[in-house]
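These are the residues of each chain, in order.
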Amino acid sequence: MKSAATSIDGASKLIQGSDSSSKAPTPARIPILYVILGVLLVISIVPMYFYSAQVEAINRDRLKTNEMLLQNTVTRSLADDLSQHERSMRMMLANLSSAIQVASGGDIGSKNIEAPELRALLENFVSSSDELAYATLLNSEAKGISAGRIAPDAFLQRELQHAYDAARDGRAYNGEALQVEDGKTSRTVVLVSSPVRYGGRFLGMVGAVVDLEFLIRRLHEVSGGGLIPYVVDSQGRLVAAGTQQYVTGQDMKNLEIVRNFVDEGNKAQLAATKEFAVEEGKNSIEMLGTYSPVTTLNWAVVVQKPQREAYRGVYEMQRTARLLALLAVLLSIGVSIVAARRITNPLHILTQSSRALARGDFSQRVHLWSRTEIGELAETFNTMSQELERFVEDLKRAADENRALFLGSIQMLAGAVDEKDPYTRGHSDRVTRYSLMIGKELGLDATFMETLQISAQLHDVGKIGIEDRILKKPGALTAEEFEVMKTHTTKGANILRPVTQLAEMLPGIELHHEALDGRGYPYGLTGEQIPLLARVIAVADTFDALTTNRPYQHAHSPEEALKIIQNLAGKRLDPGPVAALMAVYGRGEIRIQRISIKRSVAVDPAANVSPATATLVVPAADASNLERTPV
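All of the points below concern the structure found in this document. Every value quoted in this text rests on a predicted model; they were computed, and no experiment measured them.

Cut-offs used in this document
Residues numbered from 1 in each chain as written. Predicted model: local features only at pLDDT ≥ 70, side-chain atom pairs only at ≥ 80, totals over all residues. Heavy atoms only, no water. Pairing = 2+ DSSP bridges. Helix = DSSP H or I, 4+ residues; strand = E, 2+ residues; numbered from the N terminus. Axes fitted to C-alpha atoms, helices over the stretch in contact; angles between N-to-C directions. Salt bridge = Lys/Arg side-chain N within 4 Å of Asp/Glu carboxyl O. Buried < 20%, exposed > 50% of the residue type's maximum accessible area, 1.4 Å probe, protein only. Phe/Tyr/Trp six-rings, centres within 6.5 Å; stacked < 30°, edge-to-face > 60°.

The pairing of strands in a sheet comes from backbone hydrogen bonds and takes either a parallel or an antiparallel form. In spatial order, the strands read E8-E7-E11-E10-E9; together these five strands make up an open sheet with antiparallel pairing. In the strand order of this sheet, the two ends are held by strand E8 (238–241) and strand E9 (272–280), each with one partner. Each adjacent strand pair in this sheet contributes to an overall mean axis angle of 30°, direction not counted. Looking at chain direction, strand E10 (residues 283–294) and strand E11 (residues 299–306) are connected through eight bridges and run antiparallel. Residue pairing across strands places Met287 opposite Pro306, the latter belonging to E11.

Put into structure tokens, the structure is as follows:
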């Protein structure tokens, strides 16, 4: 606040140190202990962190490379095995085809197809390998013989038809992987066929159903340690797997690595390794996988492994490194605390003493023995405290005197105005007291309350410029006289406006006769246009005017006055301060002392203007008459 009273009081409080610590924000500071700790931690931990991060990165890359090489080796080995089995089967079918041509003399028509020699060849072919589950020989009329330990179901019959169609076109055929039989005898098979030709003529087809149990065993052998191997065809369907979580024929294109192989098609010639994610319910598992194509079959061997398993070594190394880093941090903290305490303890003592000075305890002295610069600082501090204590006592006395002089001057100025008419004697003091009671009830802050006190004390100071013939007129004012009386608000503001320290008090002095309904003066403001300062003083001023004897009216009882004021709430007076006044009076905090001054007065019944206050004219106790007065 910029008022003189506040300036003086603020200086006193600054000297005393009673409120400065609570009002002035304390700038953020970093304890020197933390600075020392931070420096030690930085020089010990940061290099270790960068070193460990570099080592982790190198080892991670190496481990990733090794895992990729391992997966590449596994898939390449399985792919080579499948290619070798496919070549061997093709060679066996070629030999069988040649033997059939020799034994039949190049004729496997309907007369010779069931010859004992051909059936013996077929049975010997099936029994020559455990991997052969079934074999068949069909002539050009699609009639033939078969041998084996399984009976073709509908799916296998369909594959045989596809193989026969391919043989008529002169093509070999590799079928889809099928699941035959049920339960414990269930097995995964695939059909391989070749055309039988003689002298350029199509004689028929020889086909073999290969049991992929050998492939499943190999997949089981390489599975383990988190490695999941399986084989897919060119459409992304599962051929065989080393785990029971996948079944033959299952669409595996939901896995990114399988989609990549399918998208590559016949262009997939080399192994590829990549990281991808597998969705399992709401969880996503990061995987590392590799596929190697089996070009002769248009298949791919795929192995995948969760990254948490693939990079287990890296994670273990990270945990070890973090544990060592934590131990280093704890050791650094311990060393730092011991070192920092030897420096910060004396500073802490000086800080506590400085805070005592800030609180106004200038008797504080520093009891610190040190042969360092800190000891010299302590001695200087004690000398400064002694000088400050003496200086502050002088300033406090001067500030108290100045404040008392300032408030006394204001009170004398207000008293001088009141003394111009015995009927208004003490009016400013009472309005001030009532205003402060209202402000306290409203919970207004201390700064506002001090502004309110001075503004209320000086609210009628402008009447010093009103002629005595008008101000002391024992009867009602004429309209012209009332217009002159109304100028006391602006006169008071103009008198005090050159004093810049009183600028915040001017709204209460100039606007305390404004009304919420716009019928007040000097500017006819309405509602929130009127500052709260002026609205509070208006309620207090009205209450005092109603409860004191005037030449034009007898004093109302406090209850009558409050009833009139309550009727004016929301019209002329602010309901908030009115309610606060009612509450204060209800608790018995207001005591009215009436002083009777006998003087004959001739009151003009046609006038409705107060000669003393120019605030309220109350010819009767009802609020309706009061509301019609031109105040």
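What follows covers the pattern of salt bridges. Summed over the entire model, instances satisfying the criterion amount to 21 salt bridges. The closest approach of N and O atoms between Glu467 and Arg469, which form a salt bridge, is 2.8 Å. Given a relative accessible area of 53%, Arg469 falls into the exposed group. Among the salt bridges present, the one from Arg535 reaches Glu528, with a minimum N-O distance of 3.5 Å. Arg535 gets classed as buried once you look at its relative accessible area, which sits at 12%. One connected set of salt bridges, linked through shared partners, spans Asp81, Arg218 and Glu221.

The next thing to look at is the packing of aromatic side chains. Where two aromatic rings form a pair, the distance of their centres and the angle of their planes describe that pair. Going through the model one piece at a time under the given rule, you end up with five aromatic pairs. With a centroid separation of 5.1 Å and an interplanar angle of 75°, the aromatic rings of Tyr434 and Phe543 are classed as edge-to-face. Taken as a pair, Tyr434 in helix H11 (residues 427–442) and Phe543 in helix H17 (residues 532–546) lie far apart in primary sequence, 109 residues in all. Both residues of the pair, Tyr434 and Phe543, belong to the buried class. The interplanar angle of 85° and the centroid separation of 6.2 Å between the aromatic rings of Phe482 and Tyr521 together place this pair among those described as edge-to-face. Pair noted here: Phe482 is in helix H14 (residues 479–486) and Tyr521 is in the loop between helix H16 (506–510) and H17, with a separation of 39 residues, a long-range link. What makes Phe482 buried here is its relative accessible area of 5%.

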